[in-house]
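Topology and contacts: notes
Spelled out, the chains give:
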Amino acid sequence: MNQRRTLAFLGVILIGFSIVIASQFGVLNFAGTNARSALTISAAASLKDALAEIKLAYQQENSATTLTYNLGASGALMQQIQNGAPTDVFISAAKKQMDVLETSGELLPGTRSDLVKNRLVLIVPNDLQTVTSFVDLNNAKIQRIAIGEPRSVPAGQYAEQVLQTLKIYEGLKPKFVYANTVRQVLASVESGNADAGIVYLTDAKLSTKVKVAAIASETDHAAIVYPIAVLKRSQNPQAATEFIRHLESDRGKLVFKKYGFIVPN
């Protein structure tokens, strides 16, 4: 009897020891123990609709990963990250903001890439016939021009570059109505609070209330590139990297193309 008790006791010890070893090497996966990953993606507002569609499909196939989008102007998002905001993935509408974070050591090395590209366009209400080029913004009937705040909104920076290249910037400055995001620029023209606006082609395609009056020459502004990267502070770098792989996959590219973005070959 004593021998049986001794063997049973040793068996319990061995089982307990095996559990400890298994848990150390990640063999066990009890419910609630590292079973889920929560990712916060800070992204340019112009990506809103494409990312919303991608989120639905991604979470259906990756139920263990929860995605939360923090959308806004790239400059404002960059400042949030600099101030310590918990962020796993950053997608900027310009290289400038990503360059700043990379220089300061905020990015996880080897995770940065260019996700998509875009075009810059001039939009006006559907019934406006007198504006067919950026130069036509000098028309006295155009009293309010909505653009993104250049200090934080890349679309506003690109707009400045185009107007400066065309040598009409200074004359138009009194007409500018500044917005905090490119989507606000679109809304201003849709609502009639602005007579014209400068947005991305992808934004213009979402509206039935405005039309594209002109497309900016790509030689008149810096290349509109959306870089993406994992933040070094991410608590789930593997899940964040896998999400980026999905965005860059053929399935992800199809969604971006659907909304008018230009994807790398």
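In this report, we go over the structure that sits alongside the text. (Residues numbered from 1 in each chain as written. Predicted model: local features only at pLDDT ≥ 70, side-chain atom pairs only at ≥ 80, totals over all residues. Heavy atoms only, no water.)

Strands sit in the order β7-β6-β8-β5-β9 across an open sheet of five strands; the sheet is mixed. The strands lining the two open edges of the sheet, one partner per strand, are β7 (176-179) and β9 (210-215). Shown here is a sheet whose adjacent strand axes are inclined to one another by a mean of 35°, direction ignored. Where strand β5 (residues 120-125) meets strand β8 (residues 196-200), four bridges bridge the pair, whose relative direction is antiparallel. (Pairing = 2+ DSSP bridges. Helix = DSSP H or I, 4+ residues; strand = E, 2+ residues; numbered from the N terminus. Axes fitted to C-alpha atoms, helices over the stretch in contact; angles between N-to-C directions.)

If you trace the backbone, Thr202 turns up in helix α8 (residues 201-204). The class for Thr202 is buried, based on a relative accessible area of 2%. If near-sequence neighbours (up to four positions away) are discounted, Thr202 is found in contact with Ser46, Asn118, Tyr259, Gly260 and Phe261. (Buried < 20%, exposed > 50% of the residue type's maximum accessible area, 1.4 Å probe, protein only. Contact = heavy atoms within 4.5 Å.)

This paragraph deals with the sheet that holds strand β3 (residues 89-91). As summarised here, the arrangement of the five strands in space is β2-β1-β3-β10-β4, forming an open sheet in which the pairing is mixed. One side of each edge strand has no neighbouring strand; the edge strands of this open sheet are β2 (65-72) and β4 (113-117). Across this sheet, the average inter-strand angle for adjacent strands is 20°, counted without regard to direction. The sheet contact formed by β3 and strand β10 (residues 225-230) spans three bridges and is antiparallel. The residue bridging Val89 from the neighbouring strand is Val230, located in β10. Sitting on the sheet, helix α4 (residues 95-103) touches β3, β4 and β10, and the angle it makes with β10 is about 30°.

For the rest of this paragraph, the subject is unusual backbone geometry. A negative phi angle characterises most non-glycine residues, just as the trans form characterises most peptide bonds. For Lys167, which is not glycine, the phi dihedral falls at a positive 60°. In this structure, Lys167 sits in the loop between α5 (154-165) and α6 (169-172).

Once that is clear, we can look at the nonpolar core. Core analysis: the largest hydrophobic core is formed by 70 residues, its most contacted members being Leu47, Ile91, Phe134, Tyr226 and Phe256. Leaving out residues up to four positions away in the same chain, Leu47 has contacts with Ile91, Val116, Tyr226, Phe256 and Phe261. The next biggest cluster of nonpolar side chains, apart from the first, holds nine residues, and it includes Leu77, Phe90, Leu107 and Ala229. (Core = buried A, V, L, I, M, F, W, Y, C linked by side-chain atoms within 4.5 Å.)

What follows is about the packing of helix α2 (residues 48-61) against helix α9 (residues 237-247). The N-to-C vectors of α2 and α9 enclose an angle of 115°; their axes lie 12 Å apart at closest approach. When the axes of α2 and α9 are compared, the crossing they make is right-handed. On the side of α2, the interface is formed by Leu51, Ile54 and Tyr58, while α9 contributes Ala239, Glu242, Phe243, His246 and Leu247. Residues that form the contact of α2 with α9 fall into these classes: six nonpolar, one polar and one charged. (Left-handed = near helix turned anticlockwise from the far one by under 90°. Nonpolar A, V, L, I, M, F, W, Y, C, P; charged D, E, K, R; others polar.)

Within this structure, the stated rule accounts for nine salt bridges. Among the ionic pairs, Asp195 bridges to Arg144, the shortest N-O distance being 3.9 Å. Residue Asp195 is located in the loop between α7 (182-191) and β8, and its partner Arg144 is located in the loop between β5 and β6 (145-148); the two are separated by 51 residues in the primary sequence. For Arg144, a relative accessible area of 35% translates into the label partly exposed. Notably, a salt bridge pairs Arg183 with Asp203, separated by 2.6 Å at the nearest N-O pair. One end of the pair, Arg183, is in helix α7; the other, Asp203, is in helix α8, with 20 residues separating them in the sequence. Relative accessible area serves as the criterion here: at 18%, Arg183 is assigned to the buried category. Connected through salt bridges with shared partners, the residues Asp49, Arg183 and Asp203 form a single ionic network. (Salt bridge = Lys/Arg side-chain N within 4 Å of Asp/Glu carboxyl O.)

Let us look at the environment of Ala239. Of note, Ala239 is situated in helix α9. Considered as a pair, Ala239 and Arg36 are 203 residues apart in the sequence and their alpha carbons are 9.7 Å apart. Among all residues touching Ala239, those that are not within four sequence positions of it are Ser37, Leu39 and Tyr58.

Moving on, we get to the packing of helix α3 (residues 74-82) against α4. In contact at an axis separation of 9 Å, α3 and α4 are set at 15° when each is read in the N-to-C sense. Taken together, the axis directions place α3 and α4 in an arrangement best described as roughly parallel. At the point where α3 passes α4, the crossing takes the right-handed sense. Seen from α3, the contacting residues are Ser74, Gly75, Met78, Ile81 and Gln82; seen from α4, they are Gln97, Val100 and Leu101. (Parallel < 35°, antiparallel > 145°, perpendicular 65-115°, else oblique.)

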